[in-house]
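Tertiary structure, described
Below, each chain spelled out in residue letters.
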Amino acid sequence: LSGEFYSKSRYASFYASADYFILNRYIINGSFRMDGSSYFGSAKQFNPTWSAGAAWHVAEEPFMNWSRNVLDRLTLRVATGYTGNINNGVSPQLVMSYWDQQYRRHGDEILPMATFSGAPNPNLTWENQALLTVGLNGRFFDRLDVNVEFYQRTTSSMLMDVPYSYTTGFSGMTTNVGSLTNTGVDITLAVDILRGRDYFLRASTTFNYNSEKITEL
């Protein structure tokens, strides 16, 4: 069946989350998720992930009453979590793939030939990311919004194709190798320039700094 392509995959996910509010000033939340995909090896198809976070509405505290004329909102938040990624940049045939676009002459006939391009990897598993964020949101004079967020993101078990010698019968194998860390800060400023009954003019700008470092390869 030269020129035809067939792909089949299955997903399964289970998710739970909870939020708890205290005195309308403190928020605690958490979540747990279990994802499974047939894209990965038979031994590592399911991947548990989680997240946890907290927020503090500082401006609602009684000791901040003195700032009511200046400060409309001030929230400090922190979150951490662990997520999984399939990485769509890698071929969907992560466990084993083959090409049928090669041909061989047999007598007077030209016949298609299927060849496996990737070795099977039963231990192939999810690419994972650990994330930590600390942020501060504020609104001043009912006109100026400020958002500052620091983040650190560590990617592990990165999905990569490792080349093999053709004497093995395969050109390579998709496997989990390497780790990468991104650290940075995002700052967003927005101001309401004009506000009227039938019109609104708002300007905003964003500053970003990011440092990327390969920690394992």
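Residues numbered from 1 in each chain as written. Predicted model: local features only at pLDDT ≥ 70, side-chain atom pairs only at ≥ 80, totals over all residues. Heavy atoms only, no water.

1. A closer look at the pattern of salt bridges
Which entries qualify depends on this criterion: Whenever Lys or Arg places a side-chain nitrogen within 4 Å of a carboxyl oxygen from Asp or Glu, that contact is recorded as a salt bridge. Exposure classes here rest on a 1.4 Å probe applied to the protein chains alone. A residue is buried below 20% of its type maximum, exposed above 50%, and partly exposed in between. We count a stretch as a helix when DSSP gives it H or I for four or more residues in a row; a strand needs E for two or more, and each element gets its number in order from the N terminus.
Counted by the stated rule, this structure contains 11 salt bridges. Linking R139 and D142 is a salt bridge whose minimum nitrogen-to-oxygen distance equals 3.4 Å. Look at R139 and you get buried, because its relative accessible area is 11%. When the shortest N-O distance is used, the salt bridge between D142 and R195 registers 3.6 Å. Here D142 is found in the loop between β7 (127-140) and β8 (144-156), whereas its partner R195 is found in strand β11 (residues 179-195), with 53 residues between them in sequence. Residue class for D142 comes out partly exposed when judged on its relative accessible area of 37%. One continuous salt-bridge network, built from bridges that share partners, spans R73, R139, D142, D145, D192, R195 and R202.

2. Some words on the nonpolar core
Here is the rule we go by: To form a nonpolar core, buried Ala, Val, Leu, Ile, Met, Phe, Trp, Tyr and Cys residues must be joined to one another through side-chain atoms within 4.5 Å.
Formed by Y39, F40, I86, L124, W126 and L159, the largest nonpolar core amounts to six residues. Of all hydrophobic cores here, the second largest spans five residues; its members include V58, A59, M64 and L74.

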